[in-house]
Amino acid sequence: MPRSLPRRTAGAVTTALLAATTVTALSHTATAAEDTLGSAAAAKGRYFGTAVAANHLGESAYAGTLDREFNAVTPENEMKWDATEPTRNTFTFGAADQIAGHAQNQGMKLRGHTLVWHSQLPSWVSGLGAGDLRTAMNNHITQVMQHYKGKIYAWDVVNEAFQDGTSGARRSSPFQDKLGNGFIEEAFRTARTADPDAKLCYNDYNTDGVNAKSDAVYTMVKDFKARGVPIDCVGFQSHFNSASPVPSDYQANLQRFADLGVDVQITELDIEGSGTAQADNYANVVKACLAVTRCTGITVWGITDKYSWRAGGTPLLFDSNYAEKPAYTAVLTTLGGTGSGDGGGGGGGNPGAACTVDYARTSDWNDGYNGQVTVTAGTAPITGWTVTLTFPSGQKVSSLWNGSPTWNGDVATVRSTAYNGSLAAGASTSFGFTVMKNGNSAAPTLGTCTAS
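Residues numbered from 1 in each chain as written. Predicted model: local features only at pLDDT ≥ 70, side-chain atom pairs only at ≥ 80, totals over all residues. Heavy atoms only, no water.

Enquirer: Please explain the overall build of the protein chain as it appears in this structure.
Expert: The helix and strand inventory of the protein chain stands at 13 helices and 17 strands. Taking all 452 residues of the protein chain together, the buried fraction comes to 55%. Considering only contacts within the protein chain whose residues lie at least 6 apart along the sequence, 75% involve residues at least 24 apart. Total accessible area computed for the protein chain in this model is approximately 17,100 Å², and 50% of it derives from carbon and sulfur atoms. (Helix = DSSP H or I, 4+ residues; strand = E, 2+ residues; numbered from the N terminus. Buried < 20%, exposed > 50% of the residue type's maximum accessible area, 1.4 Å probe, protein only. Contact = heavy atoms within 4.5 Å. Areas by Shrake-Rupley, 256 points an atom, 1.4 Å probe, with all protein chains shown as cover.)

Enquirer: Teacher, can you tell me more about the pairing of strand 2 (residues 72-75) here?
Expert: Both faces of the sheet carry side chains from a regular strand, because those side chains alternate between them. Side chains Ala 72 and Thr 74 project from strand 2 onto one buried face, and the interleaved Val 73 and Pro 75 project onto a second face that is buried too. Inspection of the sheet shows strand 1 (residues 47-52) paired to strand 2 by 4 bridges, in the parallel sense. For Gly 49, the partnering residue across the bridge sits in strand 2 and is Ala 72. As a crossover connection, the stretch from strand 1 through helix 3 (residues 60-69) into strand 2 is right-handed. (Pairing = 2+ DSSP bridges. Right-handed = clockwise from strand over helix to strand, strands pointing away.)

Enquirer: Just to check I follow, could you spell out the sheet that holds strand 13 (residues 396-401) for this structure?
Expert: Adjacent strands of a sheet pair through backbone hydrogen bonds, lying either parallel or antiparallel. Pairing in this open sheet of 4 strands is antiparallel, and the strands run 10-11-16-13 from one edge to the other. Here the strands that pair on one side only, and so sit at the sheet edges, are strand 10 (355-365) and strand 13. Direction aside, the axes of adjacent strands within the sheet are offset by 25 degrees on average. In this sheet, strand 16 (residues 428-436) lies alongside strand 11 (residues 368-377) in antiparallel orientation, the contact comprising 9 bridges. Each residue of the ladder has a partner; that of Val 373, found in strand 16, is Phe 431. (Axes fitted to C-alpha atoms, helices over the stretch in contact; angles between N-to-C directions.)

Enquirer: Can you walk me through the side chain of Ser 308 in this structure?
Expert: Along the chain, the position of Ser 308 falls in the loop between strand 9 (295-300) and helix 13 (326-334). Here Ser 308 falls in the buried class, since its relative accessible area comes to 5%. Residues in contact with Ser 308, not counting those within four places in the same chain, are Pro 315 and Leu 316.

Enquirer: When you look at the confidence of the model for the protein chain in this model, what are you seeing that I'm missing?
Expert: Fine structural detail should not be taken from predicted coordinates in areas where pLDDT scores are low. In this model, the protein chain carries a mean pLDDT of 89, and residues with pLDDT of at least 70 account for 90%. Segment residues 4-33: pLDDT under 50, and 38 contacts once partners within four positions in sequence are set aside and those in other chains are kept. Considering only residues more than four positions removed or in separate chains, one finds that residues 340-349, a stretch of pLDDT under 50, has 37 contacts. (pLDDT = per-residue confidence, 0-100.)

Enquirer: Is there a simple way to think about the nonpolar core in this case?
Expert: In this structure, Phe 48, Trp 155, Val 158, Phe 188 and Leu 317 are the most contacted members of the largest nonpolar core, which totals 92 residues. Once you skip the residues sitting within four places of it in the chain, Leu 317 turns out to touch Leu 37, Phe 48, Tyr 282, Val 300, Ile 303, Ala 323, Glu 324, Lys 325, Ala 327, Tyr 328 and Val 331. (Core = buried A, V, L, I, M, F, W, Y, C linked by side-chain atoms within 4.5 Å.)

Enquirer: Which parts of the structure should I look at to understand the state of the cysteines?
Expert: The bond known as a disulfide is covalent and runs between the sulfur atoms of two cysteines. Enumeration over the complete set of coordinates arrives at 3 disulfides. Put simply, Cys 201 and Cys 233 are joined by a disulfide, and their sulfur atoms are 1.9 Å apart. Negative torsions about the S-S bond denote left-handed disulfides, and the value of about -80 degrees found for Cys 201 with Cys 233 makes this one left-handed. Taken together, the residues Cys 201 in strand 5 (residues 199-204) and Cys 233 in strand 6 (residues 233-236) connect sequence positions 32 residues apart. The burial state of Cys 201 is the same as that of Cys 233; both residues are buried. Cys 355 shares a disulfide with Cys 449; S-S distance 2.0 Å. Looking down the S-S bond of the Cys 355 and Cys 449 bridge, the torsion is -100 degrees, so its handedness is left-handed. Placement of the pair is Cys 355 in strand 10 and Cys 449 in strand 17 (residues 445-451), with a sequence separation of 94 residues. (Disulfide = S-S within 2.5 Å.)

And the structure:
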């Protein structure tokens, strides 16, 4: 599970564009019943949450996007052992309380993360003998859980206790090495006593498909359920990229755990990439959760790409300027949402709204070219449109007209302007751009058109 990294410097962007995208992020407050990720998920009986860092809550675009779009929160680092008990029996909850208070004020679910983990441990824990370590572990669980008793929907009680690879063995840690296999069961029993109403989860990564590691977790959960060990849910972190894609048996794996009688939760979702490919992967993850009755919710690991622990891979639903990416629209649509109608997240209250796009190169010269995209409304009038364009590596867009662009690497999300968004059925408009080839004369890849 990731730890937050220092803020990454955002790519160059004009002050005007930054201001415009920030206004977009904050102006989407009055929405219909299923216009946001959280409300659309709630209509499906689920939550849609995000990881939150306390030190970003003072940023208006960050807090505004959080409050508008999400109905559940997981603290990124503020509830981990090094943050809550840096010195033995001295507990510090200030940053975690800030997140908990914000979630409570907004009516959001709060996931607790995490109580027992081999990483982000203060040095004093690793130096304890077995007896002291057992006492310290149980005391830590009890004190932290009782502090938040009645406020936490679900706790990641034990995190990442199994090795990667094909062994299915337990990971070496102070808890495993000194307390043995029984430490996980003991942690769950202590947690149930500390807060009988919170759901108790085991959480891990690289368990998204059927493999040796997920098999080992499955065997443990099956044993716990058979013996009455209190476990209510299993968390699947679901960090994906080209080297670790969404597995083909993702849904089947979630289902086999649900069949044991536990809830399943997607706890730390992020998917590296951009454009249509990223959007399709996000949609497939959401479809899998919706297909499993006991998949109770999804948490993405962060709000904006600029604060992601994998910022270079642009893995989240909002770009560095808080603009909604194609992946956002794909998730919202898959959840059954209708979007805001402001061109930011899909169609908005306009049944039958649709559009198509065509691309043409209107002029060409040695170092550059002009391109034009024509947007045509479908069989019903539309009030806005959004089109994505992925430009080949090395090309640079020097100007763009008759559209409002936001950028995520080489991907431009172009939205209608105030004067060309409304089109009668079958009517067309266009936007254009000038590209410097920089040695690459290939055409951009045109994504789908989304209408409102």
